[in-house]
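# Descriptive analysis of the structure
Take a look at the letters that make up each chain.
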Amino acid sequence: ADVPFDGDSGIVIQIQSQKCPLCRKCMPDNFLQFIYTTAVEFIQLAFKKPRGSLERSNLCIVARKQIARINSYLSFPTENESHYTVSNKQKIGRQLRIDDVDLCLCEGKATEVILKANNLLATKLNPIIEIGLHIAIGRSYILLEDFENAKQALNTALGKVVNGSNSNEVRKISHWLCQCYYELGVYDRSIEFGESAISINRHSECVYKYVALSYKASGNLDKGIEVMKMAV
């Protein structure tokens, strides 16, 4: 499931009656909130498009331009600091760095994701954000076909999920761990995580492939065929 991780996408950027740094005309209230929300929506749409497709690439380009607009505006002093404090600037800046990790993952820039996510993890973050960053690191290692490090990152993410608190997060992590363990030749663990993902949501499409292949590699071809029939 090629989807963005669940981060703090609900951040609120409240800027009221500020003047554009270029034309000096007064901008509408919450103008940056609109730009930010649009950027997040473009990232989410991009993840739904096939990897390597022109549609995904174009959506990522637009999202990056929107984020750049906010970063550009952040560099200008404001005329009313009561609406735009230094602490708020820092919070917005950090959230943009988190979204940049998501965007890099969508663009397939695996090495950048690992570097940027690890830098963010060195700071104090919301536990949900930490889980998302570990997932992003794991998925990036999968793109690099480094399944051992991918497994470690994803197990770290799984260990931080409170039992039963987010079944969708558990499903996604189990899905990717199923793939990692298959590629590492640990077929019993691949089957375990794959069947766990399917039990949470039977529409976990690609996971059936790795469960079936693991059964086949374990010498149980009939069970592998049965699993693939379930996917239809």
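Our subject is the structure listed above.
Report follows, based on the coordinates. (Residues numbered from 1 in each chain as written. Predicted model: local features only at pLDDT ≥ 70, side-chain atom pairs only at ≥ 80, totals over all residues. Heavy atoms only, no water.)

## What about the overall build of the protein?
Looking only at helices and strands, the protein has ten helices and zero strands in total. When the helices and strands of the protein are listed from N to C terminus, the series reads α-α-α-α-α-α-α-α-α-α. Going through the 232 residues of the protein one by one, you find that 44% of them count as buried. Of the contacts formed within the protein by residues at least 6 apart in sequence, a portion of 56% connects residues at least 24 apart. If you sum the accessible surface of the protein, you get close to 12,100 Å²; carbon and sulfur atoms cover 53% of it. (Helix = DSSP H or I, 4+ residues; strand = E, 2+ residues; numbered from the N terminus. Buried < 20%, exposed > 50% of the residue type's maximum accessible area, 1.4 Å probe, protein only. Contact = heavy atoms within 4.5 Å. Areas by Shrake-Rupley, 256 points an atom, 1.4 Å probe, with all protein chains shown as cover.)

## Focus on the pattern of salt bridges
Between side chains of opposite charge, pairing is possible as soon as their charged atoms come close. By the definition in use, this model includes eleven salt bridges. The partner of Glu107 in a salt bridge is Arg64, with the nearest N and O atoms 2.8 Å apart. Of this pair, Glu107 sits in helix H3 (residues 86–107) while Arg64 is found in helix H2 (residues 54–74), placing the two residues 43 residues apart along the sequence. A salt bridge links Asp100 to Lys116; the shortest N-O distance between them is 2.6 Å. On the criterion of sequence distance, the pair formed by Asp100 in helix H3 and Lys116 in helix H4 (residues 110–121) is long-range, its members being 16 residues apart. We classify Asp100 as buried; its relative accessible area is 14%. In this structure Lys116 comes out as partly exposed when scored by relative accessible area, which is 28%. (Salt bridge = Lys/Arg side-chain N within 4 Å of Asp/Glu carboxyl O.)

## Here's the deal with the environment of Gly132
Mapped onto the elements, Gly132 comes out in helix H5 (residues 127–143). On the basis of relative accessibility, which here comes to 1%, the residue Gly132 falls in the buried class. Spatially, the C-alpha atoms of Gly132 and Asp102 are 9.1 Å apart, while their sequence positions differ by 30 residues.

## Digging into the packing of aromatic side chains
Scanning the model with the defined rule gives three aromatic pairs in all. Ring centres 5.6 Å apart and planes at 0 degrees place the aromatic pair Tyr181 and Phe193 in the stacked group. Taken as a pair, Tyr181 in helix H7 (residues 167–183) and Phe193 in helix H8 (residues 187–200) lie far apart in primary sequence, twelve residues in all. With a centroid separation of 5.7 Å and an interplanar angle of 50 degrees, the aromatic rings of Tyr182 and Tyr210 are classed as tilted. Here Tyr182 is found in helix H7, whereas its partner Tyr210 is found in helix H9 (residues 207–217), with 28 residues between them in sequence. (Phe/Tyr/Trp six-rings, centres within 6.5 Å; stacked < 30°, edge-to-face > 60°.)

## Focus on the packing of H8 against H9
Relative placement of two packed helices is described by the angle separating their axes and the distance separating the axes. Where H8 contacts H9, the axes come no closer than 9 Å and their chain directions differ by 145 degrees. The element H8 and its partner H9 pack so that their crossing is left-handed. Contacts between H8 and H9 involve Tyr187, Ser190, Ile191, Gly194, Glu195, Ala197 and Ile198 from the former and Val207, Tyr208, Tyr210, Val211, Ser214, Tyr215 and Ala217 from the latter. Grouping the amino acids of the contact of H8 with H9 by side-chain chemistry returns ten nonpolar, three polar and one charged. (Axes fitted to C-alpha atoms, helices over the stretch in contact; angles between N-to-C directions. Left-handed = near helix turned anticlockwise from the far one by under 90°. Nonpolar A, V, L, I, M, F, W, Y, C, P; charged D, E, K, R; others polar.)

## Details of the packing of H9 against helix H10 (residues 221–231)
In the contact formed by H9 and H10, the axes pass within 7 Å of each other and the chain directions differ by 170 degrees. In terms of orientation, H9 and H10 fall into the roughly antiparallel class. Of the two elements, H9 crosses H10, and the hand of that crossing is left-handed. Across the interface between the two elements, Tyr208, Lys209, Val211, Ala212, Tyr215 and Lys216 from H9 touch Leu221, Lys223, Gly224, Val227, Met228, Met230 and Ala231 from H10. (Parallel < 35°, antiparallel > 145°, perpendicular 65-115°, else oblique.)

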